[in-house]
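Next come the chains, spelled out residue by residue.
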Amino acid sequence: MLGAFAFACAFHVACGRSPADADASTDTIAAETALEPLRPPIAAPIDARLGELRIEDVTPPEVRVAAIPPALRGIVEAAFFADFEHAPAGQGCRAVVNVGYALLVNRQPVLTADAGEARALFEGELYCPTGGTGGSAAIEAFRLKLELRRDFGGLSGGTATSRLDEVLRSVVADGAKGLFGQVKMRHADDAEILAVLHTSDHPGLLSEAASEAGERRLVGATADLARLAGHPNARVATRAGAALGLIKVSTPEVVRALVHMTEGPDAEKHLVAIHALADLGTPEARRYLESLAVGHPSPAIRDIARERLRGLGTILPEAPEARPEPVPDPIP
């Protein structure tokens, strides 16, 4: 778990560093013609109640903002018990949660500021019994680590304390929901995965169901995954996009959804979309890859698109190097 020094490194504080395929489908496949038989649950059900919740503030004491420590336990408990049911001590799951937070100005921690960045870090582990009773029950572990950062002050608005409280509550809630999604979806049967993708609005369930649908190649999930690739929760969107690349059903809706992921500032979504388009490998997907390879503003993402195109047998000419402007001869 995360200690004080690791916390500092994660937030780029006093660590000496700054932030820094499968076969392609060639045909459009109608989802209803390629459905695999739905499989039953892959393991004994997990006791998803929560019997123990350990919380540690891993923020170094000298950078803790005074308003946060008294509220921290209440924030974490509210997030977890929004989904998990209480279990008597010694029963159900055991959760261990580390939380870190900081206000940063020029990447250095401060206690207050008029403008800067608020960051919060969630690292959770969940140990749940599955099958059997008493000492014969097996224990399965689930883990999730998240970080969230948002600017405050200036054009961004908000005060230092209010923004820090906002990002902390948000990342803890997202972490708790993510762990709940892992517990509920990891061993769910295919029918439940499809039902969650079609009807749920729970980001933790959706993100994990999307991952399971991709790994299980659930063609019947294609339409819902294409819709979820535009979900406001970044983890749901990226998991859905990655799943589309694994399932390899290249309908117009799928291609449009992946192309839409390359819009906006989220580089992770762009990368997921590039890999998924390359996994589809259809002529239309390649055309979009070519446009990204020559027109994306990020050199790193252009290079990744070119590399995936090379793997598909398409080699683009190298972009010409910029030539210096000619220097006029001196006037005699």
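Residues numbered from 1 in each chain as written. Predicted model: local features only at pLDDT ≥ 70, side-chain atom pairs only at ≥ 80, totals over all residues. Heavy atoms only, no water.

A. A look at the overall build of the protein. For the protein, the helix and strand inventory stands at eleven helices and five strands. Within the span of the protein, comprising 332 residues, buried residues form 47% of the whole. Of the roughly 16,800 Å² of accessible surface on the protein, a fraction of 55% belongs to carbon and sulfur atoms. (Helix = DSSP H or I, 4+ residues; strand = E, 2+ residues; numbered from the N terminus. Buried < 20%, exposed > 50% of the residue type's maximum accessible area, 1.4 Å probe, protein only. Areas by Shrake-Rupley, 256 points an atom, 1.4 Å probe, with all protein chains shown as cover.)

B. Main features of the pairing of strand β2 (residues 93–105). Most of β2 is tucked away: eleven of the 13 residues are buried. Since strand β1 (residues 50–57) and β2 lie parallel, the crossover through helix α2 (residues 69–80) that links them has a hand, and here it is left-handed. Pairing of β2 with strand β4 (residues 116–130) involves eleven bridges; the strand directions are antiparallel. Counted as the bridge partner of Gly100 is Leu121 from β4. Linking two consecutive strands that pair antiparallel, namely β2 and strand β3 (residues 108–110), is a turn of two residues; a positive phi of about 55 degrees is found at Asn106 within it. (Right-handed = clockwise from strand over helix to strand, strands pointing away. Pairing = 2+ DSSP bridges.)

C. How the structure looks around the state of the cysteines. As enumerated under the stated definition, the model contains one disulfide in all. Bridging Cys93 to Cys128, the disulfide has an S-S length of 2.1 Å. Across the disulfide from Cys93 to Cys128, rotation about the S-S bond amounts to roughly 115 degrees, and the bridge is consequently right-handed. Taken together, the residues span a long stretch of sequence, with Cys93 in strand β2 and Cys128 in strand β4 at a distance of 35 residues. Pair check on accessibility: Cys93 and Cys128 agree, each one buried. (Disulfide = S-S within 2.5 Å.)

D. Region of interest: the pattern of salt bridges. Evaluated as defined, the whole model comprises 20 salt bridges. Across the pair Glu117 and Arg119 runs a salt bridge whose closest N-O atoms are separated by 2.4 Å. The network of salt bridges with common partners includes Glu117, Arg119, Glu147 and Arg149. (Salt bridge = Lys/Arg side-chain N within 4 Å of Asp/Glu carboxyl O.)

E. Structural context of the environment of Val167. Within the secondary structure, Val167 is located in helix α3 (residues 160–185). Each C-alpha atom of the pair Val167 and Arg149 lies 6.8 Å from the other, and the pair is 18 residues apart in sequence.

F. The arrangement of the packing of aromatic side chains in detail. Using the criterion set out here, one finds three aromatic pairs in the structure. A centroid spacing of 5.1 Å and a plane angle of 85 degrees characterise the contact between Phe84 and Phe180, whose relative ring orientation is edge-to-face. With Phe84 in the loop between α2 and β2 and Phe180 in helix α3, the pair connects residues that are 96 residues apart, well separated along the chain. The same class applies to Phe84 and to Phe180, which are both buried. Among the aromatic residues, those joined into a ring-pair cluster are Phe80, Phe84, Phe122 and Phe180. (Phe/Tyr/Trp six-rings, centres within 6.5 Å; stacked < 30°, edge-to-face > 60°.)

G. Looking closely at unusual backbone geometry. Positive phi is not limited to glycine here, since Asn106 has a value of about 55 degrees. Positive phi outside glycine occurs at Arg217, with the angle close to 55 degrees. Counting through the fold element by element, Arg217 comes out in the loop between α5 (203–216) and α6 (222–228).

H. Structural detail: helix α4 (residues 190–199). Among all positions in α4, only Asp190, Ile193, Val196 and Leu197 are buried. One side of α4 holds all its buried residues, which, seen down the axis, span an arc of 125 degrees. Structural note: α4 exposes His198 and Thr199 on the side pointing more than 90 degrees away from its buried face. In this structure, the buried residues of α4 make contact with α3, α5 and α6. (Arc of directions from axis to C-beta. Contact = heavy atoms within 4.5 Å.)

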